[in-house]
Structure formats: C-alpha cells, structure tokens
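Chain and residue survey
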Amino acid sequence: MQKEQYLGVYVSTLTYDDILDDIEKRMAAGQKSTIIAVNPEKVIAAGKNEELKQLINAATYQIPDGIGVVLASKLKGGRLASRVTGIDLMERLIARAAEKGYRVFLYGAKEEVVKKAKENLEAKYPGLCIAGYMNGYVNDDEAVVRAIHEANADMLFVALGSPRQELWIRAHLNRLNVKVFQGVGGSFDVFAGHVKRAPKLFRTLGLEWLYRLATDPKRFKRQLALPKFLWKVLTEKRTAGESGC
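Note that the structure is a prediction, hence the values are computed from the model and not measured. (Residues numbered from 1 in each chain as written. Predicted model: local features only at pLDDT ≥ 70, side-chain atom pairs only at ≥ 80, totals over all residues. Heavy atoms only, no water.)

**As for the overall build of the protein**
Selection criterion: Where helices and strands are cited, they refer to DSSP runs of H or I of at least four residues and of E of at least two residues respectively, numbered from the N terminus. Only C-alpha atoms enter the radius of gyration, while the globule expectation follows 2.2 Å times N to the 0.38, with N the number of residues. Note on classification: 1.4 Å probe, protein chains only; a residue is buried when its accessible area is under 20% of the maximum for its type, exposed when over 50%, partly exposed between these limits. Surface accessibility in these figures is a Shrake-Rupley result with a 1.4 Å probe; residues are shielded only by whichever protein chains are displayed.
Secondary structure summary: the protein contains 13 helices and 8 strands in total. Taking 2.2 N^0.38 as the reference for a compact globule, 245 residues should give roughly 18 Å; the C-alpha atoms of the protein span a radius of gyration of 18 Å, in line with that estimate. Taken over the C-alpha atoms alone, the protein extends approximately 50 × 40 × 35 Å along its principal axes. By the burial criterion, 49% of the 245 residues in the protein qualify as buried. Carbon and sulfur atoms form 52% of the exposed surface of the protein, whose accessible area is close to 12200 Å².

Shown next as structure tokens:
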C-alpha cells in the first residue's frame, strides 16, 4: 500500500475513492481494516510517545487529516495531493454502507449526541442500517462488545477522542467480527448538529484550522504544532536505509 513517512509516522497516499475501493476488496476477502487520522499535532506527540507511534503505524490507513501533512509532502516532493479528513471519510463510508447494505454501529459521545447523529444520518441516507449505538460513558467494555456482536456490525465508528478511541479499537479488534474500524473524534457532534464545521471555502482551501482558531482562540497553543512539524520535517536527517515513501 502506498505510504509516505514523516518523522517516523506513516501516512497513506490513497484518495477517498482509493480507500473505499480498497476497503471493499478487503471486506470481500474477510480482512479487517483500521483507519486513523494523522495531523501535525499527532505526529509531534508520536515523536514523544513510542506507543502512540506504533499505534498509528499499525493501522491499515493513516489518512492525512491535517493540511500540514499535505504541505510536508509537497515540500518533500511526495505524492499527497489533498487532505483525507476523518469526518468526510466516515460520511463516504456511511453512504457506501447505505448503498451496499452494510451494517453500522456508532459508539461514543454523549447519549443525546450519538442518538441524534444516528437519526440524522438515517434521514440523510435512506436504506442506511445503523444496527446499534452506545454512548461513550458506558463503563463496561464487555457490554459494549456484546452490543456490537449482537448488532452484527460491518462498520464501527468510535468517538472517544484520540488516542483513547484508537487504543479501544486495538484492545478489542480481535474480539469483534467488524470489518471496518474508524476512530472519528468529534464527528458525532457534527452529524448531530451540535457543532458546526468550517464553511466549505475554508475546508477547500485547507484553512479549516484558521477558522477553528478564529472561533476558538484557546486553540492557539495547539496550532503551534504546525510550524514546529514543518520545521522538523524540513530539517530531518535521513538515516541509512530510511525511505520517505
């Protein structure tokens, strides 16, 4: 699978359509797929946390969710053309599930959020089967695993925040018959209508981070990860045998 590497962290170079097609092939072959979003903040954190780095690199798809990752690829002559955001990939998977009859399970967020997200997605995608859902405040992993088993889910979207959601997926991956696992952060809040995304123009131009900063100045410290990440990528020394792709 085509991947690039930045500061020791893998990033998939596949487009939305490439990922959807590849996932369908893997599902048909009985293989499980895991999706994790990668952005500059997460790459910087992975540089200080080997477990997080291994968690990211073990995923089937490390999608370039942050514009900083795309910029790094362009600066290094890589193949990344645009972002593949977690929320947009989730929605495309939801649309594919409605089209193909795949069963979906939503796990995470507050009860009113996940329930409303379920209702809104079902209204938007006729034929979609959300076979079950559970909020993220259930402190009984066995109950969650049972519910997912009973729902006979093909796709599982986990909204517990990163890296908690990815750690949860890793811990229960082999116990579930689910074929597609994706940690989706605050996506349920958006689908529930509780949180607004940046206007489409900002998203198209890769300036969603700027919109978030303007509407929530407290994010300033987090946004410092972008220049720090780009500087580290540009000044990174390659070691023998290391490849950027």
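This is not the end of the story, as more comes after the structure.
**What to know about helix H1 (residues 16-28)**
Each turn of an α-helix holds 3.6 residues, which means side chains three or four residues apart point in the same direction. Cut-off, in case you're wondering: Given a helix with a known number of residues, its expected span is that number minus one, times 1.5 Å. Working note: the arc is built from the helix axis to C-beta atom directions.
In this model H1 runs 19 Å from its N-terminal to its C-terminal C-alpha over 13 residues, within 8% of the 18 Å that 1.5 Å per residue would give. Within H1 the residues assigned to the buried category are Tyr16, Ile19, Leu20, Ile23, Glu24, Arg26 and Met27. Angular distribution of buried residues about the axis of H1 spans 165 degrees; they occupy a single face of the element. Structural note: H1 exposes Lys25 and Ala28 on the side pointing more than 90 degrees away from its buried face. Looking one or two residues beyond H1, the residue adopting positive phi is glycine 30, at roughly 80 degrees.

**Concerning the nonpolar core**
Keep this limit in mind: For the purposes of this section, nonpolar cores are sets of buried Ala, Val, Leu, Ile, Met, Phe, Trp, Tyr and Cys residues that join through side-chain atoms within 4.5 Å. Contacts: residue pairs with any heavy atoms within 4.5 Å of one another.
By size, the foremost hydrophobic cluster in this structure holds 37 residues, and its most contacted members are Met90, Leu93, Val104, Leu128, Met155, Phe157 and Phe188. Looking at this core, the elements that each hand over two or more residues are H1, strand S3 (33-38), strand S4 (61-64), helix H5 (86-100), strand S5 (103-108), helix H6 (111-124), strand S7 (155-159) and helix H9 (187-191). Setting aside residues no more than four positions away along its own chain, phenylalanine 188 makes contact with Met90, Leu106, Tyr107, Gly108, Ala109, Val113, Val114, Ala117, Phe157 and Ala159. By size, the runner-up hydrophobic cluster in this structure holds 20 residues, among which are Ile36, Ala46, Ala72 and Val233.

**Quick look at helix H3 (residues 50-57)**
We count it as follows: Pairs of N or O atoms within 3.5 Å make up the polar contacts considered here, provided that, within protein, one atom can donate a hydrogen while the other can accept it, and that residues adjacent in sequence are counted only when both atoms are side-chain atoms.
Of the positions making up H3, those classed as buried are Leu52, Lys53, Leu55 and Ile56. Along the axis of H3, the buried residues cluster in a sector spanning 160 degrees; they form a single face. In this structure, the buried residues of H3 make contact with strand S2 (9-12), S3, helix H2 (40-48), S4 and helix H8 (164-172). Measuring from the backbone nitrogen of glutamate 51 back to the side-chain oxygen at the start of H3 gives 3.0 Å, which picks out asparagine 49 as the cap.

**A word on the packing of aromatic side chains**
Quick reminder of the rule: Pairing of aromatic rings covers Phe, Tyr and the six-membered ring of Trp, with a centre-to-centre limit of 6.5 Å; geometry is then stacked below 30 degrees between planes, edge-to-face above 60, and tilted otherwise.
Applying the stated rule across the entire model yields 1 aromatic pair. Taken together, a centroid distance of 5.0 Å and an interplanar angle of 55 degrees make the contact between tyrosine 107 and tryptophan 168 tilted. Here tyrosine 107 is found in strand S5, whereas its partner tryptophan 168 is found in helix H8, with 61 residues between them in sequence. A relative accessible area of 1% places tyrosine 107 in the buried class.

**Focus: the packing of helix H4 (residues 67-75) against helix H13 (residues 225-235)**
Quick reminder of the rule: Only C-alpha atoms enter the line fits that serve as axes; for helices the fit covers just the stretch in contact. Angles between N-to-C directions range over 0 to 180 degrees. In what follows, roughly perpendicular refers to angles from 65 to 115 degrees, roughly parallel to angles under 35, roughly antiparallel to angles over 145, and oblique to any angle outside these ranges. Working rule for handedness: look at the near helix, and if it is turned counterclockwise from the far one by less than a right angle, call the crossing left-handed; if clockwise, right-handed. Each residue gets one of three labels, nonpolar for Ala, Val, Leu, Ile, Met, Phe, Trp, Tyr, Cys and Pro, charged for Asp, Glu, Lys and Arg, and polar for the others, Gly among them.
One way to put it is that H4 packs onto H13 with a least axis distance of 10 Å and a crossing angle of 25 degrees. Between H4 and H13, the crossing angle belongs to the class labelled roughly parallel. The handedness of the crossing between H4 and H13 comes out as right-handed. Together, Gly68, Val69, Leu71, Ala72 and Leu75 of H4 and Leu226, Phe229, Leu230, Val233 and Leu234 of H13 make up the contact between the two elements. Taken together, the residues that form the contact of H4 with H13 break down as 9 nonpolar, 1 polar and no charged.

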